[in-house]
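This is what each chain is made of:
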Amino acid sequence: MIADAARPAILPAPLDFVLAALEAEDALCERGEREGEAIAVLPPALAQRLDVPEESRLAVYPAQKGDVSVGIGSPLLEKLVAEARARAPVASVRLELEPPRLGHVKAVVARFVLRNGLAEVLSVSFGSAVYAVASVAYVIEADDRREGLTRLIVHATDGGEPDAATGGHLDLTWPDAVVRPSPTPLSAPGAAPWLALRTERAVREAAAPVLAEVRRRHARDHARITAYFADLTAEARAPRRRADAKVVEAKVAHLLADRDAKLRDLGGRFAVKITCSPAAAVVAEVPAALVSVRLRRRKEAREIVLRVPAGAQSVDRICCEGCGGTTGKPAACDERMHLLCEGCAPTAQGRIACPACGRKR
Ligand SMILES: [Zn+2]
Ligand SMILES: [Zn+2]
C-alpha cells in the first residue's frame with residue numbers, strides 16, 4: 001500500500017475493526033468493561049462462515065478458555081481483513097466547498113492555451129461536476145513480488161481530469177473535512193472506459209522502474225552463469241592429465257547442455273506477470289465553474305466547455321481525442337479541430353497527422 005507520508009496513519013484498532021465488520025453483518029456486539037474485550041452474538045450463518053461460536057467473548061489478549069482472539073495475526077482478524085480487501089466498495093460523496101469565484105475562474109481560464117490557435121471565453125456558469133475516483137491495486141510478480149496502489153480520477157462523462165489540488169480533496173484514504181456523504185447515490189457509467197485505459201498506462205508507468213530492476217538482476221544472473229560455465233568448459237578443454245579428445249568433447253557438450261538448461265530456467269524465474277484489481281471507487285460531486293470557450297484555428301472554429309472545479313488552480317485537463325489521454329495544452333487538427341495532446345501532436349507548427357481523423361477514414 002502507498003501511504004501519504006504527510007498525514008498521520010490512523011488505523012482502527014483490531015477490536016474496533018472486528019466489531020465494525022461483524023456489526024455490518026448483523027452481529028450484536030457489546031464492549032466489555034476492560035479495554036480490548038467484547039461480547040459478540042453472531043447470526044448462525046456468519047458464525048459458521050467465520051468459524052467462531054455464535055456467542056463468544058472477543059479479546060485482543062485472550063485470557064479465558066473459549067476467548068476468541070482478535071489480535072494482530074488472529075485467524076478471525078485475518079479473515080475479516082481478507083474479506084474487506086476482496087470487496088471493492090463504491091461510495092458517493094460531495095465536496096462541501098464554495099464554488100470558485102469568478103475572478104479566480106477568469107484568471108485560471110486565461111492560462112489555458114490552444115497551442116496552434118486562439119481561445120476566447122464566451123460565458124461562465126456555475127454548477128457542479130461529477131468525477132469517478134478509482135483506487136486500483138496492482139501486483140508485479142517476477143523473481144520477487146511487489147504490490148502497489150494507484151489512484152485515478154476522471155470526469156464522469158468527458159474523461160477530463162482535475163488538477164492535483166482538487167484531486168487531493170478526493171483522496172479518501174484520509175478524507176478531509178470537506179468530504180461529505182452524498183444525499184443521493186451518484187453514478188458515473190461513462191467513466192469506466194477512461195479508467196480502464198488510464199489504469200493500464202498508470203500501472204505500466206509505476207511498473208517501469210521495477211521491471212528495469214528485474215531486467216538488471218536477470219542480466220546479472222545470466223552473466224554469472226555464462227561466466228561460470230565458460231570457466232568449466234575451458235578447464236575441461238585443457239585437462240591437467242592427457243585425455244582422449246572424444247571424452248573431452250563429451251564433457252564439454254554435457255556442460256553446455258547443463259548451462260543452457262540453467263539459462264532457460266532463469267527465463268522462467270524472471271518472467272514478469274502484472275495483475276490489477278479495483279480496490280475501491282468513489283463518485284464525487286464537486287461545485288464547479290463551467291466556461292464556454294470558442295477555439296479558433298485558421299478559418300475553423302469549435303466551441304468546448306472548460307471546467308474549473310472548486311479548489312482547483314487550473315482548468316481540468318481535457319481528453320485527447322487522439323489517444324484518450326489528457327492534456328492541458330491541446331493542439332487542434334486542421335480538418336476537424338480534434339483536440340490532441342503533446343504526444344499525439346508534438347509540434348503545433350504545420351500540418352498535424354491527426355490520429356482521430358486517421359481512424360475515421
Ligand atoms: Zn493524445
Ligand atoms: Zn482530426
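Criteria and cut-off values
- Residues numbered from 1 in each chain as written.
- Chains lettered and ligands numbered in written order.
- Predicted model: local features only at pLDDT ≥ 70, side-chain atom pairs only at ≥ 80, totals over all residues.
- Heavy atoms only, no water.
- Donors = N, O, S within 2.8 Å, 3.2 Å for Na, K, Ca; no water.
- Tetrahedral: all angles 85-135°; square planar, octahedral: opposite > 155°, others 65-115°.
- Helix = DSSP H or I, 4+ residues; strand = E, 2+ residues; numbered from the N terminus.
- Buried < 20%, exposed > 50% of the residue type's maximum accessible area, 1.4 Å probe, protein only.
- Pairing = 2+ DSSP bridges.
- Contact = heavy atoms within 4.5 Å.
- Axes fitted to C-alpha atoms, helices over the stretch in contact; angles between N-to-C directions.
- Domains from an automatic or database assignment.
- Patch = residues over 30% accessible without salt bridge, like charges linked within 9 Å, V, L, I, M, F, W, Y side chains within 5 Å.
- Areas by Shrake-Rupley, 256 points an atom, 1.4 Å probe, with all protein chains shown as cover.
- Salt bridge = Lys/Arg side-chain N within 4 Å of Asp/Glu carboxyl O.
- Core = buried A, V, L, I, M, F, W, Y, C linked by side-chain atoms within 4.5 Å.
- Parallel < 35°, antiparallel > 145°, perpendicular 65-115°, else oblique.

1. Describing the coordination of the zinc ion (ligand 1)
Reasoning step 1: Bound to the zinc ion (ligand 1) on the protein side are C320 (SG), C323 (SG), C341 (SG) and C344 (SG), at distances that span 2.3 Å.
Reasoning step 2: One can describe the site at the zinc ion (ligand 1) as tetrahedral: its four donor atoms subtend angles covering 107 to 111° at the metal.
Reasoning step 3: When the donors of the zinc ion (ligand 1) are listed by position in the chain, the intervening gaps give C-x2-C-x17-C-x2-C. Of this pair, C320 sits in the loop between β11 (318-319) and β12 (326-327) while C344 sits in the loop between β14 (339-340) and α8 (355-360), and the two are 24 residues apart along the sequence. Here C320 and C344 have matching classes, each one buried.

2. Points about the coordination of the zinc ion (ligand 2)
Reasoning step 1: For the zinc ion (ligand 2), the full set of protein donor atoms is C333 (SG), H338 (ND1), C354 (SG) and C357 (SG), and the range of their distances to it is 2.0 to 2.3 Å.
Reasoning step 2: Its four donor atoms give the zinc ion (ligand 2) angles of 102 to 114° at the centre, a pattern that matches the tetrahedral case.
Reasoning step 3: Counting gaps between the donor residues of the zinc ion (ligand 2) yields the pattern C-x4-H-x15-C-x2-C. Of this pair, C333 sits in the loop between β13 (331-332) and β14 while C357 sits in helix α8, placing them 24 residues apart in sequence. Comparing C333 with C357, the two get one shared label, buried.

3. With respect to the sheet that holds strand β4 (residues 68-69)
Reasoning step 1: What the four strands build is an open sheet, ordered β1-β2-β3-β4; its pairing is mixed. Only two strands of the sheet have a single neighbouring strand rather than two, namely β1 (28-31) and β4.
Reasoning step 2: With respect to the sheet, helix α1 (residues 14-23) is in contact with β1, β2 (37-41) and β3 (55-59), its orientation differing from that of β1 by roughly 155°.

4. Remarks on the domain arrangement of the chain
Reasoning step 1: Examined at the domain level, the chain breaks down into domain 1 (14-87), domain 2 (92-199 + 278-315), domain 3 (202-274) and domain 4 (320-361).
Reasoning step 2: Averaged C-alpha coordinates put domain 1 and domain 2 at centres separated by 40 Å.

5. Some points on a nonpolar patch on the surface
Reasoning step 1: On the surface, L28, I39 and V41 cluster together to form a nonpolar patch covering roughly 250 Å² of accessible area.
Reasoning step 2: Here L28 shows up in strand β1.
Reasoning step 3: Overall, the relative accessible area of 60% leaves L28 in the exposed class.

6. Description of the nonpolar core
Reasoning step 1: The biggest cluster of nonpolar side chains holds 20 residues, and the ones touching the most others in it are V18, L22, L42, L50, L58, L76 and L80.
Reasoning step 2: Every residue in contact with L80, bar those within four places of it in the chain, is listed here: F17, V18, A21, L22 and L50.
Reasoning step 3: Membership of the second largest hydrophobic core comes to 18 residues, among which are V105, V109, L295 and V308.

7. Observations concerning the packing of helix α6 (residues 192-237) against helix α7 (residues 245-269)
Reasoning step 1: The geometry of α6 relative to α7 is characterised by a closest axis approach of 9 Å and an angle of 175° between their N-to-C directions. Classified by the angle between their axes, α6 and α7 sit roughly antiparallel to one another.

8. Points about the pairing of β1
Reasoning step 1: Across four bridges, the pairing between β1 and β2 is antiparallel. Along β2, the bridge assignment pairs E30 with I39.
Reasoning step 2: Here β1 folds back onto β2 in antiparallel fashion, the turn holding five residues, of which G36 has a positive phi close to 85°.

9. Section: the environment of R259
Reasoning step 1: In this fold, R259 is placed in helix α7.
Reasoning step 2: Distance in space between the C-alpha atoms of R259 and T226 is 7.2 Å, their sequence separation being 33 residues.

10. Quick word on the pattern of salt bridges
Reasoning step 1: Applying the stated rule across the entire model yields 32 salt bridges.
Reasoning step 2: Note that D144 is salt-bridged to R146, the shortest N-O span being 3.6 Å.
Reasoning step 3: Here R146 falls in the partly exposed class, since its relative accessible area comes to 35%.
Reasoning step 4: Measuring nitrogen to oxygen at the nearest pair gives 3.7 Å for the salt bridge that ties R237 to E249. Here R237, found in helix α6, pairs with E249, found in helix α7; they are twelve residues apart in sequence, far enough to count as distant.
Reasoning step 5: Each member of the salt-bridge network shares a partner with another, and the members are D143, D144, R146, E213, R216 and R217.

11. Some words on unusual backbone geometry
Reasoning step 1: Phi at R298 is positive, roughly 50°, even though this residue is not glycine.
Reasoning step 2: The backbone of M337 shows a phi angle near 55°, a positive value even though the residue is not glycine.
Reasoning step 3: Looking at the element boundaries, M337 is found in the loop between β13 and β14.

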